[in-house]
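Coordinate inspection notes
Take a look at the letters that make up each chain.
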Amino acid sequence: MKIWIDGRYCGREEARISVFDHGLLYGDGVFEGIRVYSGRVFRLREHLERLYRSARAILLEIPLAPEELRRTVTGAVEANGAPDAYIRLVVTRGVGELGMNPRLCPKPSIILIVDEIRFYPEKCYADGIALMTSSLRRISPASYDVRIKSLNYLNNLLAKIEANQAGCLEAVLLNQEGRVAECTGDNIFIWSGGTLKTPSAADQALEGITRAVVLELAAAAGLPRAEASLTQYDLYTAEECFLTGTGAELMPVTKIDGRTIGDGTPGPVTRRILELFREEVRKP
Ligand code: PXG
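Basis of the calculations
Residues numbered from 1 in each chain as written. Predicted model: local features only at pLDDT ≥ 70, side-chain atom pairs only at ≥ 80, totals over all residues. Heavy atoms only, no water. Disulfide = S-S within 2.5 Å. Buried < 20%, exposed > 50% of the residue type's maximum accessible area, 1.4 Å probe, protein only. Helix = DSSP H or I, 4+ residues; strand = E, 2+ residues; numbered from the N terminus. Contact = heavy atoms within 4.5 Å. Pairing = 2+ DSSP bridges.

**A few points about the state of the cysteines**
A disulfide bridge is the covalent bond that connects two cysteines by way of their sulfur atoms. Applying the stated rule across the entire model yields zero disulfides. A disulfide-free cysteine, Cys124 has its sulfur positioned 12 Å from the sulfur of Cys168, the nearest such atom. By relative accessible area, Cys124 is classed as buried at 10%.

**Some remarks on the environment of Ala85**
Along the chain, Ala85 falls in strand S5 (residues 85-92). In sequence terms Ala85 and Ile34 are 51 residues apart; their C-alpha atoms lie 8.6 Å from each other. Not counting the four nearest positions on each side in its chain, Ala85 is found in contact with Ile34, Arg35, Val36, Asn80, Val114 and Asp115.

**Thoughts on the pairing of S5**
In the case of a regular strand, side chains alternate between the two sheet surfaces. Most of S5 sits out of view: seven of its eight residues are buried. Bridging between strand S3 (residues 29-37) and S5 involves eight bridges; their strand directions are antiparallel. Bridge pairing in S5 places Val36 opposite Ala85. Taken together, the seven bridges between S5 and strand S6 (residues 109-115) define a ladder with antiparallel strand orientation. Its bridge partner being in S6, Val91 is matched across the sheet by Ile110.

As structure tokens, this is what we get:
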């Protein structure tokens, strides 16, 4: 494991941030979760672009130029040495006096952790998982734009707690209009009527990097695909369903709200895309 904080490497025990950091006090900051496959950082450019856009949207100036940050990330991955890893890159508003005003924080902090992660047990990739629809709605775009990958995950966290309590591994979040947005940390896809469909940012789906990769792979494989508004009816009647995300990678879904999806096993399109995805991440 490698941890880099504001220019210095430290061990797990010494890796500390101030209790006055506004990332902790107010969730004021942005982050990315990134994977390393075979020693290469997967879609680093896309992750960094999203990080800088998220920061810009909350008027947070990342105190490193994109190229410097890119070199810092790849340097930490090399220093870590493991060919497969998970990177958590966090930029907080930094240390300031108590009080929410971001102007109290003179300098943002950058935290970079290179470690391992396992979102779901391996067995789930073969069997699929069960979802439930959360009673909570995705945050309204009238509050803030969900394309900002911020440190404010309470809404998602509450939906995850609800899923845990119901014995499900993930929950579907509907948007304010009752259309499907995504899950707590993954995007959602269905295969229905010969088309691969996924909600768009207009329905409050995060513009996931894994989601974009899957759309590219589907295009290259000649599969019809579309960003589409989906309802619970569309999920329940889908032939196949799966989730995508840096953590989950590509996770088959075989049950939603107690209804069996397709024949209750990961379908042929899901298995095909999972195979293509696994090839893609190992490409030199
Ligand atoms: N929706 C939400 C709300 C997310 O947080 C995704 C979709 C998938 O996006 P990507 O770009 O990863 O394909 C996410 C991603 C973590 C963690 O440590 C969270 C995410 C990714 C990696 C790690 O909880 N969220």
